[in-house]
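# Fold and geometry: a report
Listed here are the chains, written in short residue letters.
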Amino acid sequence: MWPTLISFGSFSISTISIILLLGFFLTGLAFWRRGKEEHYSEIQLFDGFLLSFLVGLVGARIGFILLNWSRFGLNIGKWLDFIGNRGLQDIVFIIISSIFLKIFSTRKKWDVHEVLDFWSITLTVWLLFGSIGEFFAGVGRGKFTESFIGITFPGAIQKTHPVQVYSIIFFFILYIYLNWAESRYRTFEWYRLGKKAAQTGFLMSNFWIFFSLFSLLMLFFRLPEFIIAGKALDGWIYLGILFYGVRMLLGRSDKPFLPASFREKLRNRSRKKREE
């Protein structure tokens, strides 16, 4: 691991800080470039990206503090200490930033789902760099393991699953897939459903689906993060995201989420209740 990039006496620069800064610029570039290609206002694109990113970071920090309240408490100094008490909750960042960008795009009267498609690639780049930063910093490690793939991180006495490496590989593959699908999904007959043009939203729905599936798989290799009242809710959260992603994909392709026979049964049952 390489937690410190540069050190001069008492002054030091952490590797994760430089990697995240680089990730921020590259994510902004990815979002701006795709929006520019679709002839959106460059200034408004930058505003949407920056505001969504900042709102997401604030939400991610608050989420991390609440989930680690015993560590932070009411100490505002610790809340604002991003170096000695660093930590962000990724899924909170993803959800809040996406919701804010959706609202921002709606107010600008943009094609909301098209902008979210840009955002899905942007998020993938950010999560990729975040995983690289966590690996170099030796944070976010997984469960203990005796497997040959395990790594003993600095300060640890036993090997753990390098879930950061798993994430790096996954988000790199996801980035390649989303870029490949970006120029091709409009030709997928099953998605177009006989229409002349496919609807936008394919990339974002795929992001939610693959992200949730990967996160569910990672529960076998890392400790849960969402523990409320002594119960781990990670699995339910990621299942909810998976449900949303599948529903979004089917909705954008004009395919019903439920079979016609089942929907008819629900309507008949509802009609009987009203009659009673």
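Residues numbered from 1 in each chain as written. Predicted model: local features only at pLDDT ≥ 70, side-chain atom pairs only at ≥ 80, totals over all residues. Heavy atoms only, no water.

### Side note on a nonpolar patch on the surface
- On the surface, Val-58, Ile-62, Leu-66, Trp-69 and Leu-74 cluster together into a nonpolar patch covering about 540 Å² of accessible area.
- Take Leu-74: its relative accessible area is 71%, and that puts it in the exposed class. (Patch = residues over 30% accessible without salt bridge, like charges linked within 9 Å, V, L, I, M, F, W, Y side chains within 5 Å. Areas by Shrake-Rupley, 256 points an atom, 1.4 Å probe, with all protein chains shown as cover. Salt bridge = Lys/Arg side-chain N within 4 Å of Asp/Glu carboxyl O. Buried < 20%, exposed > 50% of the residue type's maximum accessible area, 1.4 Å probe, protein only.)

### Describing the pattern of salt bridges
- All told, the structure shown has three salt bridges when counted by the stated rule.
- Here Arg-222 ties to Asp-234 by a salt bridge, and the two come within 3.7 Å at their closest N and O atoms. Residue Arg-222 is found in the loop between helix H9 (202–218) and strand S3 (227–228), and its partner Asp-234 is found in helix H10 (residues 234–252); the two are separated by 12 residues along the sequence. Both residues of the pair, Arg-222 and Asp-234, belong to the buried class. (Helix = DSSP H or I, 4+ residues; strand = E, 2+ residues; numbered from the N terminus.)

### Here we look at the nonpolar core
- Of all hydrophobic cores here, the largest spans 50 residues; its most connected members are Phe-31, Ile-94, Phe-202, Phe-207 and Phe-211.
- Mapped onto this core, the elements with two or more residues apiece are helix H2 (42–67), helix H5 (90–107), helix H6 (112–137), helix H7 (163–182), H9 and H10.
- Residues within four places of Phe-31 in sequence aside, it is in contact with Leu-45, Phe-49, Leu-101, Val-115, Phe-118, Trp-119 and Thr-122. (Core = buried A, V, L, I, M, F, W, Y, C linked by side-chain atoms within 4.5 Å. Contact = heavy atoms within 4.5 Å.)

### Some details on the environment of Thr-122
- By the secondary structure assignment, Thr-122 is in helix H6.
- Judged by relative accessible area, which is 2%, Thr-122 ranks as buried.
- Separated by 90 residues in sequence, Thr-122 and Trp-32 have C-alpha atoms that sit 9.5 Å apart.
- With sequence-adjacent residues up to four places away left out, Thr-122 is seen in contact with Thr-27, Ala-30, Phe-31 and Phe-49.

### Some thoughts on unusual backbone geometry
- Phi is positive for His-39, close to 70 degrees, though the residue is something other than glycine.
- Positionally, His-39 belongs in the loop between helix H1 (15–37) and H2.
- With a phi angle near 55 degrees, Ala-229 is a residue other than glycine that sits in the positive phi range.
- Note on placement: Ala-229 falls in the loop between S3 and strand S4 (231–232).
- Residue Ala-229 is classed as exposed on the basis of its relative accessible area of 77%.

### Concerning the packing of aromatic side chains
- Counted under the stated rule, the structure contains 36 aromatic pairs.
- Taken together, a centroid distance of 5.7 Å and an interplanar angle of 70 degrees make the contact between Tyr-166 and Phe-221 edge-to-face. Linking Tyr-166 in helix H7 with Phe-221 in the loop between H9 and S3, this pair joins segments that are 55 residues apart in sequence.
- Classification of Tyr-166 by relative accessible area gives buried; the value is 15%.
- Since its relative accessible area comes to 26%, Phe-221 is described here as partly exposed.
- Grouping aromatic residues by their ring pairs yields a cluster made of Phe-24, Phe-25, Phe-31, Tyr-40, Phe-49, Phe-53, Phe-93, Phe-104, Trp-110, Phe-118, Trp-119 and Trp-126. (Phe/Tyr/Trp six-rings, centres within 6.5 Å; stacked < 30°, edge-to-face > 60°.)

### Structural notes on H7
- With 20 residues, H7 should cover 28 Å at 1.5 Å per step; its first-to-last C-alpha distance of 28 Å lies within 8% of that length.
- Regarding H7, the residues found buried are Val-163, Gln-164, Tyr-166, Ser-167, Phe-170, Phe-171, Leu-174, Leu-178, Ala-181 and Glu-182. Buried positions in H7, seen along its axis, are confined to an arc of 140 degrees and lie on one side of it.
- Taken together, the buried residues of H7 touch H1, H6 and H9. (Expected span 1.5 Å × (residues − 1). Arc of directions from axis to C-beta.)

### Topic: the packing of H5 against H6
- Between H5 and H6, whose axes approach to 10 Å, the crossing angle comes to 155 degrees. By the angle between their axes, H5 is roughly antiparallel relative to H6. In the packing of H5 onto H6, the handedness of the crossing is right-handed. Contacts between H5 and H6 involve Asp-90, Phe-93, Ile-94, Ser-97, Ser-98, Leu-101, Lys-102, Ser-105 and Thr-106 from the former and Val-112, Val-115, Leu-116, Trp-119, Leu-123, Trp-126, Leu-127 and Glu-134 from the latter. (Axes fitted to C-alpha atoms, helices over the stretch in contact; angles between N-to-C directions. Parallel < 35°, antiparallel > 145°, perpendicular 65-115°, else oblique. Left-handed = near helix turned anticlockwise from the far one by under 90°.)

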